[in-house]
Amino acid sequence: MSSRRRFLQSSLMAAGAALLPAARALPASNGAKVVSTWDFGVPANREAWRILAAGGNALDAVEAGARWAETGQCNSTVGRCGYPDRDGFVTLDASIMKGDGSCGAVAALQDIDHPISVARKVMEKTPHVLLVGDGARQFAVAEGFEPRELRTPEAEKAWREWRETSRYAPEINAERRGVPGNKDNHDTIGMLALGADGRMAGACTTSGMAWKMHGRVGDSPIIGAGLYVDDQVGGATASGVGEEMLRNAASFLVVELMRQGHSPSDACHLAIERVVMKRPQASKTLQVCFLAMNNHGEVGAFALHQGFVYAVCDAQQQDTLLQAPAVYATSKT
Ligand code: SD4
(Lines give C-alpha, C1' and ligand atoms only; values in the text may rest on other atoms or scores of the structure.)
Protein backbone atom coordinates (compact mmCIF):
# COMPACT_ATOMS: atom_id res chain seq x y z
CA MET A 1 0.00 0.00 0.00
CA SER A 2 1.37 3.45 -0.83
CA SER A 3 2.41 5.78 1.97
CA ARG A 4 -0.15 8.27 0.70
CA ARG A 5 -2.97 5.76 0.92
CA ARG A 6 -1.82 4.59 4.31
CA PHE A 7 -1.76 8.19 5.46
CA LEU A 8 -5.30 8.87 4.26
CA GLN A 9 -6.57 5.67 5.74
CA SER A 10 -4.96 6.25 9.10
CA SER A 11 -6.12 9.85 9.22
CA LEU A 12 -9.68 8.74 8.62
CA MET A 13 -9.44 5.91 11.08
CA ALA A 14 -7.68 7.79 13.78
CA ALA A 15 -8.65 11.43 13.67
CA GLY A 16 -10.15 12.35 16.99
CA ALA A 17 -11.49 8.88 17.71
CA ALA A 18 -12.34 8.74 21.41
CA LEU A 19 -11.05 5.48 22.83
CA LEU A 20 -12.59 6.02 26.19
CA PRO A 21 -15.73 8.00 26.94
CA ALA A 22 -15.56 10.78 29.49
CA ALA A 23 -15.93 8.94 32.78
CA ARG A 24 -17.36 11.72 34.85
CA ALA A 25 -17.78 15.45 34.65
CA LEU A 26 -16.88 17.91 37.32
CA PRO A 27 -18.94 21.06 37.64
CA ALA A 28 -17.94 23.43 34.83
CA SER A 29 -15.56 25.75 36.58
CA ASN A 30 -12.86 27.75 35.03
CA GLY A 31 -11.66 27.00 31.49
CA ALA A 32 -8.64 25.18 32.85
CA LYS A 33 -7.39 22.13 30.97
CA VAL A 34 -4.57 19.62 31.10
CA VAL A 35 -3.36 17.24 28.37
CA SER A 36 -0.63 14.66 28.36
CA THR A 37 0.98 11.95 26.30
CA TRP A 38 0.14 8.23 26.32
CA ASP A 39 -2.37 6.27 28.34
CA PHE A 40 -0.69 6.89 31.68
CA GLY A 41 -1.55 10.51 30.98
CA VAL A 42 -5.05 9.74 32.26
CA PRO A 43 -4.03 9.17 35.90
CA ALA A 44 -1.31 11.83 35.60
CA ASN A 45 -3.92 14.35 34.40
CA ARG A 46 -6.07 13.54 37.42
CA GLU A 47 -3.24 14.64 39.71
CA ALA A 48 -2.81 17.85 37.74
CA TRP A 49 -6.56 18.43 37.61
CA ARG A 50 -6.87 18.28 41.39
CA ILE A 51 -4.79 21.45 41.43
CA LEU A 52 -6.42 23.19 38.46
CA ALA A 53 -9.95 22.45 39.66
CA ALA A 54 -9.11 24.06 42.99
CA GLY A 55 -7.95 27.20 41.17
CA GLY A 56 -4.26 26.32 41.37
CA ASN A 57 -1.80 27.38 38.73
CA ALA A 58 -0.62 25.52 35.63
CA LEU A 59 2.96 25.17 36.89
CA ASP A 60 1.95 23.40 40.11
CA ALA A 61 -0.45 21.26 38.09
CA VAL A 62 2.12 19.97 35.58
CA GLU A 63 4.67 19.34 38.30
CA ALA A 64 2.13 17.27 40.24
CA GLY A 65 1.11 15.32 37.13
CA ALA A 66 4.69 14.60 36.14
CA ARG A 67 5.61 13.59 39.69
CA TRP A 68 2.83 11.05 39.62
CA ALA A 69 4.29 9.56 36.44
CA GLU A 70 7.75 9.46 37.99
CA THR A 71 6.86 7.50 41.11
CA GLY A 72 3.13 6.78 41.24
CA GLN A 73 3.50 4.06 38.66
CA CYS A 74 6.32 1.67 37.94
CA ASN A 75 6.94 2.27 34.28
CA SER A 76 10.00 1.37 32.27
CA THR A 77 10.14 4.76 30.54
CA VAL A 78 9.72 7.42 33.25
CA GLY A 79 11.40 8.05 36.61
CA ARG A 80 11.73 5.23 39.13
CA CYS A 81 11.66 1.87 37.30
CA GLY A 82 12.98 3.42 34.08
CA TYR A 83 15.08 1.11 31.93
CA PRO A 84 18.81 1.75 32.13
CA ASP A 85 21.28 2.77 29.48
CA ARG A 86 23.48 0.18 27.82
CA ASP A 87 25.94 0.28 30.74
CA GLY A 88 23.19 -0.38 33.27
CA PHE A 89 22.72 3.15 34.64
CA VAL A 90 19.24 4.67 34.98
CA THR A 91 19.66 8.29 33.87
CA LEU A 92 16.72 10.66 33.86
CA ASP A 93 15.88 13.76 31.78
CA ALA A 94 13.21 16.36 32.59
CA SER A 95 12.17 19.90 31.79
CA ILE A 96 9.55 22.33 33.01
CA MET A 97 8.48 25.60 31.43
CA LYS A 98 6.10 28.47 32.17
CA GLY A 99 4.37 30.44 29.49
CA ASP A 100 6.32 33.54 30.46
CA GLY A 101 9.56 31.90 29.29
CA SER A 102 10.88 30.76 32.67
CA CYS A 103 12.26 27.24 32.41
CA GLY A 104 14.50 24.68 34.04
CA ALA A 105 15.80 21.24 33.16
CA VAL A 106 18.01 18.37 34.21
CA ALA A 107 19.66 15.76 32.03
CA ALA A 108 21.42 12.45 32.71
CA LEU A 109 20.43 12.74 36.37
CA GLN A 110 21.05 9.63 38.48
CA ASP A 111 19.62 8.38 41.81
CA ILE A 112 16.90 11.03 42.15
CA ASP A 113 13.36 9.92 41.52
CA HIS A 114 11.71 13.31 40.92
CA PRO A 115 13.74 14.95 38.14
CA ILE A 116 10.80 17.22 37.31
CA SER A 117 10.98 18.82 40.75
CA VAL A 118 14.75 19.22 40.43
CA ALA A 119 14.10 20.90 37.05
CA ARG A 120 11.71 23.30 38.79
CA LYS A 121 14.35 24.09 41.40
CA VAL A 122 16.85 24.79 38.60
CA MET A 123 14.31 27.25 37.18
CA GLU A 124 13.51 28.91 40.49
CA LYS A 125 16.78 28.84 42.38
CA THR A 126 19.62 29.09 39.87
CA PRO A 127 20.63 31.52 37.14
CA HIS A 128 20.75 28.54 34.75
CA VAL A 129 18.32 26.56 32.63
CA LEU A 130 19.95 23.12 32.40
CA LEU A 131 22.07 21.10 34.83
CA VAL A 132 23.46 17.72 33.80
CA GLY A 133 24.95 14.56 35.31
CA ASP A 134 26.90 14.85 38.57
CA GLY A 135 26.28 18.57 38.82
CA ALA A 136 22.53 18.04 38.61
CA ARG A 137 22.74 15.30 41.25
CA GLN A 138 24.82 17.47 43.59
CA PHE A 139 22.34 20.30 43.20
CA ALA A 140 19.41 17.97 43.89
CA VAL A 141 21.02 16.59 47.05
CA ALA A 142 21.84 20.12 48.23
CA GLU A 143 18.17 20.97 47.72
CA GLY A 144 17.11 18.09 49.96
CA PHE A 145 16.28 15.35 47.43
CA GLU A 146 17.16 11.93 48.85
CA PRO A 147 19.30 9.78 46.57
CA ARG A 148 18.00 6.24 46.08
CA GLU A 149 18.51 3.24 43.86
CA LEU A 150 16.27 3.67 40.82
CA ARG A 151 17.06 0.46 38.99
CA THR A 152 14.44 -2.12 39.85
CA PRO A 153 15.02 -5.89 39.71
CA GLU A 154 12.70 -5.99 36.65
CA ALA A 155 14.72 -3.31 34.86
CA GLU A 156 17.93 -5.11 35.72
CA LYS A 157 16.54 -8.39 34.38
CA ALA A 158 15.45 -6.68 31.13
CA TRP A 159 18.88 -5.09 30.79
CA ARG A 160 20.66 -8.41 31.30
CA GLU A 161 18.43 -9.98 28.65
CA TRP A 162 19.09 -7.10 26.29
CA ARG A 163 22.83 -7.52 26.78
CA GLU A 164 22.60 -10.94 25.16
CA THR A 165 22.21 -9.18 21.83
CA SER A 166 23.11 -5.57 22.74
CA ARG A 167 21.14 -4.44 19.73
CA TYR A 168 19.90 -0.84 19.88
CA ALA A 169 16.81 -0.67 17.70
CA PRO A 170 13.93 1.36 19.13
CA GLU A 171 10.64 -0.39 18.40
CA ILE A 172 7.57 1.63 17.52
CA ASN A 173 4.97 1.44 20.31
CA ALA A 174 6.68 -1.82 21.31
CA GLU A 175 4.65 -2.70 24.37
CA ARG A 176 1.40 -1.92 22.66
CA ARG A 177 2.31 -4.20 19.80
CA GLY A 178 3.26 -6.96 22.24
CA VAL A 179 6.85 -7.22 21.06
CA PRO A 180 8.36 -9.84 23.37
CA GLY A 181 11.29 -8.69 25.47
CA ASN A 182 11.10 -5.21 24.05
CA LYS A 183 8.79 -3.43 26.40
CA ASP A 184 8.04 0.25 26.19
CA ASN A 185 11.41 1.57 25.15
CA HIS A 186 9.88 4.96 24.44
CA ASP A 187 6.93 6.47 26.25
CA THR A 188 7.81 9.77 27.87
CA ILE A 189 5.20 11.84 29.64
CA GLY A 190 4.80 15.34 28.24
CA MET A 191 2.10 17.45 29.89
CA LEU A 192 0.64 20.86 29.05
CA ALA A 193 -1.73 22.81 31.29
CA LEU A 194 -3.81 25.94 30.93
CA GLY A 195 -4.77 27.57 34.23
CA ALA A 196 -7.96 29.47 35.00
CA ASP A 197 -5.89 32.64 34.83
CA GLY A 198 -5.02 31.94 31.17
CA ARG A 199 -1.40 31.13 32.01
CA MET A 200 0.19 27.98 30.66
CA ALA A 201 2.93 25.60 31.75
CA GLY A 202 4.39 22.32 30.56
CA ALA A 203 6.48 19.46 31.90
CA CYS A 204 8.28 16.59 30.26
CA THR A 205 10.00 13.74 32.09
CA THR A 206 11.57 10.48 30.95
CA SER A 207 14.23 7.85 31.46
CA GLY A 208 14.98 8.31 27.77
CA MET A 209 15.50 5.59 25.25
CA ALA A 210 16.14 2.22 26.82
CA TRP A 211 19.69 0.94 26.18
CA LYS A 212 20.90 4.34 24.99
CA MET A 213 24.63 5.13 25.15
CA HIS A 214 25.79 6.29 28.57
CA GLY A 215 25.70 10.09 28.50
CA ARG A 216 23.07 10.28 25.77
CA VAL A 217 20.58 13.10 26.31
CA GLY A 218 17.29 13.12 24.46
CA ASP A 219 14.86 15.87 23.55
CA SER A 220 12.86 15.88 26.79
CA PRO A 221 15.15 18.17 28.83
CA ILE A 222 15.94 20.42 25.88
CA ILE A 223 13.71 23.47 25.83
CA GLY A 224 12.32 23.81 22.32
CA ALA A 225 12.85 20.14 21.45
CA GLY A 226 10.77 18.07 23.90
CA LEU A 227 8.83 20.98 25.39
CA TYR A 228 8.01 24.58 24.63
CA VAL A 229 5.37 26.91 26.10
CA ASP A 230 4.48 30.50 25.34
CA ASP A 231 1.47 32.17 26.95
CA GLN A 232 1.01 34.28 23.83
CA VAL A 233 0.39 31.20 21.71
CA GLY A 234 0.29 27.83 23.46
CA GLY A 235 2.49 24.87 24.21
CA ALA A 236 3.81 21.71 22.62
CA THR A 237 5.51 18.57 23.83
CA ALA A 238 6.90 15.47 22.20
CA SER A 239 7.46 11.78 22.66
CA GLY A 240 9.33 9.23 20.61
CA VAL A 241 12.90 9.04 19.37
CA GLY A 242 14.33 12.29 20.70
CA GLU A 243 17.06 12.66 18.11
CA GLU A 244 14.37 13.58 15.57
CA MET A 245 12.94 16.28 17.85
CA LEU A 246 16.43 17.64 18.50
CA ARG A 247 17.19 17.82 14.78
CA ASN A 248 14.06 19.87 14.18
CA ALA A 249 13.72 21.99 17.36
CA ALA A 250 10.37 20.33 17.16
CA SER A 251 8.29 21.64 20.06
CA PHE A 252 9.40 25.17 19.27
CA LEU A 253 8.49 24.53 15.65
CA VAL A 254 4.97 23.43 16.64
CA VAL A 255 4.47 26.53 18.78
CA GLU A 256 5.78 28.81 16.04
CA LEU A 257 3.44 27.17 13.53
CA MET A 258 0.55 27.91 15.90
CA ARG A 259 1.82 31.48 16.18
CA GLN A 260 1.50 31.71 12.40
CA GLY A 261 -2.18 30.80 12.73
CA HIS A 262 -2.23 27.01 12.43
CA SER A 263 -4.46 24.99 14.71
CA PRO A 264 -2.68 22.74 17.24
CA SER A 265 -3.59 19.74 15.13
CA ASP A 266 -2.29 21.25 11.85
CA ALA A 267 0.85 22.50 13.58
CA CYS A 268 1.62 18.99 14.87
CA HIS A 269 0.90 17.55 11.42
CA LEU A 270 3.20 20.06 9.70
CA ALA A 271 5.96 19.35 12.21
CA ILE A 272 5.64 15.62 11.54
CA GLU A 273 5.89 16.34 7.82
CA ARG A 274 9.11 18.23 8.52
CA VAL A 275 10.49 15.17 10.33
CA VAL A 276 9.60 12.98 7.35
CA MET A 277 11.06 15.47 4.89
CA LYS A 278 14.38 15.57 6.77
CA ARG A 279 14.77 11.80 7.07
CA PRO A 280 12.25 9.97 4.91
CA GLN A 281 13.79 6.52 5.30
CA ALA A 282 14.37 6.70 9.04
CA SER A 283 10.83 7.98 9.53
CA LYS A 284 9.47 4.63 8.44
CA THR A 285 10.97 2.84 11.40
CA LEU A 286 10.93 5.43 14.19
CA GLN A 287 8.10 6.81 16.25
CA VAL A 288 7.71 10.57 16.71
CA CYS A 289 4.65 12.10 18.38
CA PHE A 290 3.59 15.69 19.01
CA LEU A 291 0.91 17.04 21.34
CA ALA A 292 -0.07 20.72 21.41
CA MET A 293 -2.57 23.00 23.12
CA ASN A 294 -3.11 26.64 22.29
CA ASN A 295 -3.96 29.32 24.81
CA HIS A 296 -7.67 28.93 24.04
CA GLY A 297 -7.53 25.31 25.19
CA GLU A 298 -7.74 23.80 21.69
CA VAL A 299 -5.79 20.56 21.51
CA GLY A 300 -4.20 18.63 18.66
CA ALA A 301 -1.75 15.81 18.12
CA PHE A 302 -0.08 13.95 15.28
CA ALA A 303 2.35 11.03 15.08
CA LEU A 304 4.54 9.38 12.51
CA HIS A 305 3.06 5.96 13.26
CA GLN A 306 -0.35 5.00 14.46
CA GLY A 307 -0.63 4.09 18.12
CA PHE A 308 0.08 7.40 19.83
CA VAL A 309 -2.64 8.18 22.36
CA TYR A 310 -3.03 11.26 24.52
CA ALA A 311 -5.16 12.16 27.52
CA VAL A 312 -7.35 15.23 27.92
CA CYS A 313 -8.92 16.54 31.11
CA ASP A 314 -11.00 19.64 31.78
CA ALA A 315 -14.21 20.55 33.57
CA GLN A 316 -16.32 18.76 30.95
CA GLN A 317 -14.24 15.64 30.44
CA GLN A 318 -12.01 13.56 32.61
CA ASP A 319 -10.23 10.35 31.75
CA THR A 320 -10.55 10.97 28.01
CA LEU A 321 -8.02 9.15 25.87
CA LEU A 322 -7.76 10.03 22.18
CA GLN A 323 -5.84 8.45 19.35
CA ALA A 324 -3.67 10.79 17.30
CA PRO A 325 -3.77 10.66 13.50
CA ALA A 326 -0.58 9.36 11.95
CA VAL A 327 1.34 9.30 8.69
CA TYR A 328 1.72 5.53 8.72
CA ALA A 329 -1.18 3.27 9.61
CA THR A 330 1.02 0.41 10.60
CA SER A 331 3.91 0.51 13.01
CA LYS A 332 6.21 -1.38 10.62
CA THR A 333 6.56 -0.80 6.93
C1 SD4 B 1 13.95 10.47 24.39
N2 SD4 B 1 11.84 11.38 23.69
O3 SD4 B 1 14.72 10.38 25.32
C4 SD4 B 1 12.48 10.57 24.70
C5 SD4 B 1 11.91 9.20 24.80
C6 SD4 B 1 10.46 9.16 24.56
O7 SD4 B 1 8.57 8.07 24.07
O8 SD4 B 1 9.78 10.05 24.37
N9 SD4 B 1 9.85 8.09 24.47
O10 SD4 B 1 14.30 10.43 23.22
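Whatever comes next refers back to the structure up there.
Just so it is clear, the model here is predicted, and its values are computed rather than measured.

Caption draft 1: Broad picture of the overall build of the chain. When its secondary structure is counted, the chain shows nine helices and 14 strands. At a minimum sequence separation of 6, the contacts of the chain that also span at least 24 residues come to 65%. In the structure as shown, the chain presents an accessible area of about 13,000 Å², 51% of it carried by carbon and sulfur atoms.

Caption draft 2: Structural detail: the environment of Gly198. Following the sequence through the fold, Gly198 ends up in the loop between strand 6 (189–194) and strand 7 (200–206). Note on Gly198: relative accessible area 34%, which makes it partly exposed. Distance in space between the C-alpha atoms of Gly198 and Ala58 is 9.0 Å, their sequence separation being 140 residues.

Caption draft 3: Inspection of the site of the ligand at higher detail. Around the ligand lies a shell of 14 residues, among which Thr188, Arg216, Asp219, Ser239 and Gly240 are the nearest. One nitrogen or oxygen atom from the side chain of Thr188 is found 2.5 Å from an oxygen atom belonging to the ligand. Taking Gly240, its main chain carries an N or O atom lying 2.7 Å from a nitrogen atom of the ligand. Against a free-state accessible area of 290 Å², the protein chains account for coverage of 100% of the ligand. Residue composition of the shell around the ligand, by class: two nonpolar, nine polar and three charged.

Caption draft 4: Quick look at the packing of aromatic side chains. Under the counting rule described, the total for this entry stands at five aromatic pairs. Look at Trp162 and Trp211: their rings are 5.3 Å apart centre to centre, the planes differ by 15 degrees, and that puts the pair in the stacked class. Here Trp211 lies in the loop between strand 7 and strand 8 (227–230) and Trp162 lies in helix 6 (residues 153–163), a separation of 49 residues in the sequence. Taken together, Trp38, Phe308 and Tyr310 form an aromatic cluster joined through their ring pairs. Positioned over the ring face of Trp159 is Arg163, at 4.4 Å from the centre of the ring.

Caption draft 5: Structural view of the sheet that holds strand 10 (residues 288–294). Reading across the sheet, the five strands line up as 8-9-10-11-14 and stay open at both edges, with mixed pairing between neighbours. This sheet does not close on itself; its edge strands, each paired only once, are strand 8 and strand 14 (326–328). Across the sheet, the mean angle separating the axes of adjacent strands is 10 degrees when strand polarity is ignored. In terms of strand pairing, strand 8 meets strand 9 (residues 234–240) through four bridges, oriented antiparallel. Bridge assignment links Asp230 to a residue of strand 9, and that residue is Gly234. Those strands touched by helix 8 (residues 250–259) are strand 8, strand 9 and strand 10, and its axis lies near 145 degrees from that of strand 9.

Caption draft 6: Focus on helix 2 (residues 41–53). For helix 2, with 13 residues, the first-to-last C-alpha span of 17 Å sits near the 18 Å given by 1.5 Å per residue. Where helix 2 bends most, at Glu47, the angle is about 25 degrees. Those residues of helix 2 lying buried are Gly41, Val42, Ala44, Asn45, Ala48, Trp49 and Leu52. Here the buried face of helix 2 lies against strand 2 (33–37), helix 3 (58–72), strand 6, strand 12 (309–314) and strand 13 (320–323).

Caption draft 7: Representation of the packing of helix 3 against helix 4 (residues 115–125) in the model. For the pair helix 3 and helix 4, the least separation of the axes is 8 Å and the interaxial angle reads 145 degrees. Note on element contacts: helix 4 touches helix 3 through Pro115, Ile116, Ser117, Arg120, Met123 and Glu124, opposite Leu59, Asp60, Glu63, Ala66, Arg67 and Glu70.

Caption draft 8: Looking closely at unusual backbone geometry. A positive phi angle is found at Ala249, which is not glycine, with a value near 40 degrees. Along the chain, Ala249 falls in the loop between helix 7 (242–248) and helix 8. On the basis of relative accessible area, Ala249 is assigned to the partly exposed category, the value being 35%. A positive phi angle, close to 55 degrees, is found at Asp319, a residue other than glycine. With respect to the secondary-structure elements, Asp319 resides in the loop between strand 12 and strand 13. Judged by relative accessible area, Asp319 falls into the buried class, the value being 13%.

Caption draft 9: Fine view of the nonpolar core. Counting 87 residues, the largest nonpolar core has Phe290 and Phe308 as its most contacted members. Looking at this core, the element that brings in the most residues is helix 3, giving seven residues. Not counting chain neighbours up to four residues away, the residues in contact with Phe308 comprise Thr37, Trp38, Gln287, Cys289, Phe290, Leu291, Ala301, Phe302, Ala303, Leu322, Gln323 and Ala324.

Caption draft 10: The arrangement of helix 5 (residues 133–142) in detail. Where helix 5 is concerned, the buried positions are Gly133, Ala136, Phe139 and Ala140. One side of helix 5 carries all its buried residues, which in axial view fall inside an arc of 130 degrees. Residues Asp134, Gln138 and Ala142 are exposed on helix 5 and point more than 90 degrees away from its buried face. On the buried face of helix 5, the contacting elements are strand 4 (103–109), helix 4 and strand 5 (130–132). Backbone geometry just after helix 5 places Gly144 at a positive phi near 100 degrees.

Quick notes on the rules
Residues numbered from 1 in each chain as written. Predicted model: local features only at pLDDT ≥ 70, side-chain atom pairs only at ≥ 80, totals over all residues. Heavy atoms only, no water. Helix = DSSP H or I, 4+ residues; strand = E, 2+ residues; numbered from the N terminus. Contact = heavy atoms within 4.5 Å. Areas by Shrake-Rupley, 256 points an atom, 1.4 Å probe, with all protein chains shown as cover. Buried < 20%, exposed > 50% of the residue type's maximum accessible area, 1.4 Å probe, protein only. Near = heavy atom within 4 Å. Polar contact = N/O pair within 3.5 Å; in protein donor to acceptor, adjacent residues only side chain to side chain. Nonpolar A, V, L, I, M, F, W, Y, C, P; charged D, E, K, R; others polar. Phe/Tyr/Trp six-rings, centres within 6.5 Å; stacked < 30°, edge-to-face > 60°. Lys NZ or Arg CZ within 6 Å of the ring centre and 35° of its normal. Pairing = 2+ DSSP bridges. Axes fitted to C-alpha atoms, helices over the stretch in contact; angles between N-to-C directions. Expected span 1.5 Å × (residues − 1). Bend = angle between axes of the 7 residues up to and from the residue. Core = buried A, V, L, I, M, F, W, Y, C linked by side-chain atoms within 4.5 Å. Arc of directions from axis to C-beta.

This is a description of form; function is not addressed.
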